[in-house]
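Structural features, examined
Below are the chains, spelled out letter by letter.
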Amino acid sequence: MWKFIVIFLVAMSLGTIGFVLYMSNNQLQEAGIDTGITLSPFTKKGEEINKFDKDLAKSYPLGNPINIMLLGIDRRSKFELGYRTDIMILVSVNPETNNVVLVSLPRDLWYQGSKINGLYNMQGWEAFQAAVEEILGMKPERFILTDFEDFSWMVDAMGGVPVDVERTFTDPNYPIDATKEYQTVTFTKGPEILTGERALMYARSRKGTNGEGSDWMRMRRQHNILKGMLTAITQPKSIFNPMVVEEAFKTVTTGRMDTNLQLVDAKYLWDFYKDKD
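Note that the structure is a prediction, hence the values are computed from the model and not measured.

**Considering the pattern of salt bridges**
Within this structure, the stated rule accounts for 15 salt bridges. In this structure, Asp86 engages Arg107 in a salt bridge whose closest nitrogen and oxygen atoms are separated by 3.5 Å. Here Asp86, found in strand β2 (residues 85-94), pairs with Arg107, found in the loop between β3 (99-105) and β4 (110-111); they are 21 residues apart in sequence, far enough to count as distant. In terms of burial, Asp86 and Arg107 fall into one category: buried. Of the charged contacts in the structure, one is a salt bridge between Arg218 and Asp215, with a shortest N-O distance of 3.3 Å. With Arg218 and Asp215 both in helix α8 (residues 215-232) and 3 residues apart, the pair spans about one turn of that helix.

Quick look at the structure:
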């Protein structure tokens with residue numbers, strides 16, 4: 001049950017959280033991934049990409065595997081029209097094996113003459129969808145788009161997210177979006193329950209000291225937040241505990257996330273995962 005809740009909340013709200021999967025070719029092959037053909041985590045050795053019979057396809061209305069694209073944008077307010085998809089995560093779910101893999105596209109990836117993080121805003125979902133299929137070999141059928149405000153709200157809605165800060169660092173150049181100025185933020189090694197505001201700082205910081213001043217370390221911290229959410233969603237203060245699919249879907253989509261995911265899709269995922277461990 002809780003596995004579904006994690007997947008559902010990831011799919012509905014965590015587009016602003018980067019999750020990078022590091023695996024060698026040998027590890028991928030051991031997991032049943034044919035790295036010689038596709039990046040799909042569910043293609044068995046010797047199989048060709050996207051080959052499954054029509055009867056099986058009918059059993060899975062979201063496809064097999066289920067591919068959902070999470071888009072985290074650098075929009076500071078709902079009124080801002082110019083934004084980039086700085087976080088691009090493909091969530092791929094194998095309904096047969098109950099496996100979930102998340103793969104990030106680097107925001108600075110060069111695609112057809114420009115950075116891919118500008119493609120969605122400039123050309124729309126279908127163009128971005130086609131680009132992902134070309135790059136990763138998997139076509140996402142659904143997308144969820146979130147911004148900074150959505151992410152902060154989600155963390156607070158869970159009652160805060162516990163993380164274990166790996167090392168003390170200070171970022172003297174963290175942006176103040178309202179004034180276009182900068183402030184100094186500090187995180188101390190050890191456990192902390194992050195509020196929405198602090199979680200956003202922890203996830204966005206790119207100028208930190210002590211080895212934390214890079215996009216790669218930022219992704220690592222975002223992964224840390226994701227792990228913390230596994231605990232956060234079960235907290236007594238979390239509005240998602242207990243989980244009611246219809247209410248959760250309405251809550252996260254009304255005036256917040258933009259998505260082509262439908263309630264029937266969420267119910268399908270719930271029906272599939274509610275009896276799993």
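**Structural notes on the nonpolar core**
Judged by nonpolar contacts, the single largest core of 40 residues is most densely connected at Phe151, Met158, Val161, Phe187, Ile225 and Phe240. For Val161, the residues in contact, after removing those within four places along its chain, are Val155, Glu192, Ile193, Leu194, Ile225, Gly228, Met229 and Ala232. Counting residues in hydrophobic clusters, the runner-up holds 19 residues, among them Ile73, Leu105, Phe128 and Ala131.

**Structural notes on the packing of helix α7 (residues 196-204) against α8**
Following both chains from N to C, one finds α7 and α8 inclined at 145 degrees, their axes separated by 7 Å at the closest point. Residues Ala199, Tyr202, Ala203 and Arg204 of α7 touch α8, and the partners they reach there are Arg218, Arg221, Gln222, Asn224 and Ile225. Of the residues contributing to the contact of α7 with α8, the split by class is 4 nonpolar, 2 polar and 3 charged.

**Thoughts on the packing of aromatic side chains**
The geometry of two aromatic rings is summed up by the distance between their centres and the angle between their planes. Enumeration according to the criterion identifies 8 aromatic pairs in this entry. Considering the side-chain rings of Trp125 and Phe143, the 4.8 Å spacing of their centres and the 40 degrees angle between planes classify their relative orientation as tilted. You can see Trp125 sitting in helix α5 (residues 125-136) and its partner Phe143 sitting in strand β6 (residues 142-146), a full 18 residues away along the chain. In this structure Trp125 comes out as buried when scored by relative accessible area, which is 13%. With relative accessibility at 7%, the residue Phe143 sits in the buried group. Between Phe169 and Tyr202, the ring centres sit 6.5 Å apart and the planes meet at 35 degrees, which makes this aromatic pair tilted. Highlighted residues: Phe169 in strand β8 (residues 169-176) and Tyr202 in helix α7, separated in sequence by 33 residues. Here the two residues Phe169 and Tyr202 agree in accessibility, since each one is buried. What links up through ring pairs into an aromatic cluster is the set Tyr120, Trp125, Phe128 and Phe143. The ring of Tyr83 is capped by Arg75, whose NZ or CZ atom sits 5.8 Å from the centre of that ring. Over the aromatic face of Phe187 sits the side chain of Arg198, whose NZ or CZ is 3.9 Å from the ring centroid.

Parameters and conventions
Residues numbered from 1 in each chain as written. Predicted model: local features only at pLDDT ≥ 70, side-chain atom pairs only at ≥ 80, totals over all residues. Heavy atoms only, no water. Salt bridge = Lys/Arg side-chain N within 4 Å of Asp/Glu carboxyl O. Helix = DSSP H or I, 4+ residues; strand = E, 2+ residues; numbered from the N terminus. Buried < 20%, exposed > 50% of the residue type's maximum accessible area, 1.4 Å probe, protein only. Core = buried A, V, L, I, M, F, W, Y, C linked by side-chain atoms within 4.5 Å. Contact = heavy atoms within 4.5 Å. Axes fitted to C-alpha atoms, helices over the stretch in contact; angles between N-to-C directions. Nonpolar A, V, L, I, M, F, W, Y, C, P; charged D, E, K, R; others polar. Phe/Tyr/Trp six-rings, centres within 6.5 Å; stacked < 30°, edge-to-face > 60°. Lys NZ or Arg CZ within 6 Å of the ring centre and 35° of its normal.

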